[in-house]
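Fold and geometry: a report
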Amino acid sequence: MEFYGALVVSLISFIVVLIFAAIVRYAIDSSKTSKKLDVLIKEVHYLKTEIKKQQHNKQQDGSKHTIDEKV
C-alpha cells in the first residue's frame, strides 16, 4: 500500500514539474526577448563583416603606399 502511495505522489510531482516547465517555456516563447536577440545577432554579424572589409581595404591601401615608395 505504501508503494502505491509513493508512486502516486511521485507521478503527481512529475506532472507538476511538467506543467511548470510548460509555463516557463510559454513565457520565454511569448516574450520578445528571443526576437530581439536574433536581431542583435544579425547586427553583430553585419558589423563583423564590415570590420573585415575595412581591414582588408586598409591592407590594400598600405600595400599601395609601399609600392609607391619603392618606385
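Residues numbered from 1 in each chain as written. Predicted model: local features only at pLDDT ≥ 70, side-chain atom pairs only at ≥ 80, totals over all residues. Heavy atoms only, no water.

Details of the packing of aromatic side chains
According to the stated counting rule, one finds one aromatic pair in the structure shown. Between Phe3 and Tyr4, the aromatic rings sit 5.8 Å apart at their centres with planes inclined by 65°, giving edge-to-face as the arrangement. Each member of the pair, Phe3 together with Tyr4, is exposed. (Phe/Tyr/Trp six-rings, centres within 6.5 Å; stacked < 30°, edge-to-face > 60°. Buried < 20%, exposed > 50% of the residue type's maximum accessible area, 1.4 Å probe, protein only.)

Here's the deal with the pattern of salt bridges
For the structure shown, the criterion picks out two salt bridges. A salt bridge links Arg25 to Asp29, with the nearest nitrogen and oxygen atoms 3.6 Å apart. Of this pair, Arg25 and Asp29 both sit in helix H1 (residues 2–30), four residues apart, which is roughly one turn of the helix. Given the relative accessible area of 51%, Arg25 is considered exposed. The class for Asp29 is partly exposed, based on a relative accessible area of 46%. Residues Lys53 and Glu50 are paired through a salt bridge, measuring 4.0 Å at the closest nitrogen-oxygen approach. Of the two residues, Lys53 and Glu50 are both situated in helix H2 (residues 33–70); the distance of three residues between them amounts to about one turn of the helix. The class of Glu50 is partly exposed, set by a relative accessible area of 25%. (Salt bridge = Lys/Arg side-chain N within 4 Å of Asp/Glu carboxyl O. Helix = DSSP H or I, 4+ residues; strand = E, 2+ residues; numbered from the N terminus.)

Examining a nonpolar patch on the surface
Together, Leu11, Phe14, Ile15, Leu18, Ile19 and Ile23 make up an exposed nonpolar region whose accessible area comes to about 600 Å². Inspection of the secondary structure puts Leu18 in helix H1. Assessed through its relative accessible area of 47%, Leu18 is described here as partly exposed. (Patch = residues over 30% accessible without salt bridge, like charges linked within 9 Å, V, L, I, M, F, W, Y side chains within 5 Å. Areas by Shrake-Rupley, 256 points an atom, 1.4 Å probe, with all protein chains shown as cover.)

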